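Chains, contacts and geometry: an overview
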Amino acid sequence: MKIVLIGATTGIGRSLAEFYASQGHELVITGRRTALLEEVKNAFPNIKINVLEMDVVKTDEARAKMDEAEKLMNGIDLVIINAGVGFQKATYEQEMNTIDINARGFTALAQWSYKYFAQKGSGHLVGVSSLASQTGSAYSPEYHATKAFMANYMSGLRMRSAKYYPNVFVTDIRPGFVDTPMTKQNKGMFWVATPEKAAQQIAVAIAARKKVAYITKRYQIIAILLKILPEWLIAKLF
Ligand SMILES: NC(=O)c1ccc[n+]([C@@H]2O[C@H](COP(=O)([O-])OP(=O)(O)OC[C@H]3O[C@@H](n4cnc5c(N)ncnc54)[C@H](OP(=O)(O)O)[C@@H]3O)[C@@H](O)[C@H]2O)c1
C-alpha cells in the first residue's frame, strides 16, 4: 500500500509508521520535527519512506503537501490523520491551538483526502479521534469537543460513502489511554497501552475496514458507559 501518515514523529503515529514500514509498505510520513521523521526513514533503509515537513495549522500549505505526497508515491491508498494535541486546564492560547490542529487541520486534510479518493473511486481515510469524543471533560473541554467534531465529521463521510462512493472507506480510531509524550502530564490513567500495542490494534482495525475502533478494545465498555451515565456521575468518576 501507499500510505500517508500525518503526525508520525512520536507516540502512536511513530509506532504506526514503524509498523507499516516493517510490513514493507511505501510511506510518506509528516510532522513538524523532521529530524525525528528522518530517524524512522533511516531505520528502514530498504523501504521507500518519504519525509515531508508539515504543520497542519498552515492548512493551505498542508493541503499542497498532500499533492506533493501523491506525486512522490504516484498515488495514495491510505491516509491516516493522527496529528493532534491535548492539554489539561489549557490557557486560552492552548485551547485555540487545539481547535486549530485537531479540528481545522484535521478538516483541511480529511477534505483533501476524501475528495481525492472519491475522484479515484477508492481509498481509505483514517482519523485518530479519541474515546474523549464520547463525552465532555472538566479538565479539557476543548480537547473533547474537537474529538467529537472529528468523530461526527467521519460519520458524515461514511454516510456520503454509503450514498455515492461505496469503495471509499472511513475509519474512526478512538484510543483510550496510550503512553506517549502527550499523556505524560496526565494523572489517573488506567488500562494504559504502549504505542506499539496501539499501533498493532489500529492496523488490524484498518485492515478490517472497521467504521469505528476503540484502542485498546476494552475501552468500548467505557464508551458505552459514557453514553448512558448522567453528566453529574461522569464528572465524579473521571
Ligand atoms: N495518547 C493517548 O492516550 C491518546 C488517547 C486518545 C487519542 N489520542 C490521539 O492520538 C493522536 C496521537 O497522539 P499521541 O498520544 O501519539 O501524541 P504525541 O506523541 O504527542 O504525537 C502527536 C503527533 O501530532 C503531531 N502534531 C502535533 N501538532 C502538529 C501540527 N501543528 N502539525 C503537524 N503535526 C502536528 C506531532 O508532530 P510534531 O510535533 O513533530 O509536528 C506528533 O507526531 C492525537 O490525535 C491524540 O489526540 C491519543
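Owing to the predicted nature of the structure, the values given are computational and were not obtained by experimental measurement.

Definitions and cut-offs
Residues numbered from 1 in each chain as written. Predicted model: local features only at pLDDT ≥ 70, side-chain atom pairs only at ≥ 80, totals over all residues. Heavy atoms only, no water. Salt bridge = Lys/Arg side-chain N within 4 Å of Asp/Glu carboxyl O. Helix = DSSP H or I, 4+ residues; strand = E, 2+ residues; numbered from the N terminus. Buried < 20%, exposed > 50% of the residue type's maximum accessible area, 1.4 Å probe, protein only. Near = heavy atom within 4 Å. Polar contact = N/O pair within 3.5 Å; in protein donor to acceptor, adjacent residues only side chain to side chain.

A short note on the pattern of salt bridges
In this structure the tally under the stated criterion is six salt bridges. Across the pair Glu18 and Arg14 runs a salt bridge, and its minimum N-O distance is 3.2 Å. With Glu18 and Arg14 both in helix α1 (residues 11-22) and four residues apart, the pair spans about one turn of that helix. The closest approach of N and O atoms between Asp172 and Arg174, which form a salt bridge, is 2.9 Å. Looking at Arg174, the relative accessible area reads 10%, which means it is buried.

Describing the site of the ligand
Surrounding the ligand, one finds 31 residues, the nearest of these being Thr9, Thr10, Tyr143, Val178 and Thr180. Take Asn82: an N or O atom from its main chain is 2.8 Å from an oxygen atom of the ligand. In this structure, Thr180 approaches the ligand through a side-chain N or O atom, which is 2.5 Å from an oxygen atom. Residue assignment for the shell around the ligand shows that the elements contributing at least two residues are α1 and α5 (141-163).

So, to be careful, I would describe these as geometric facts and stop short of saying anything about function.
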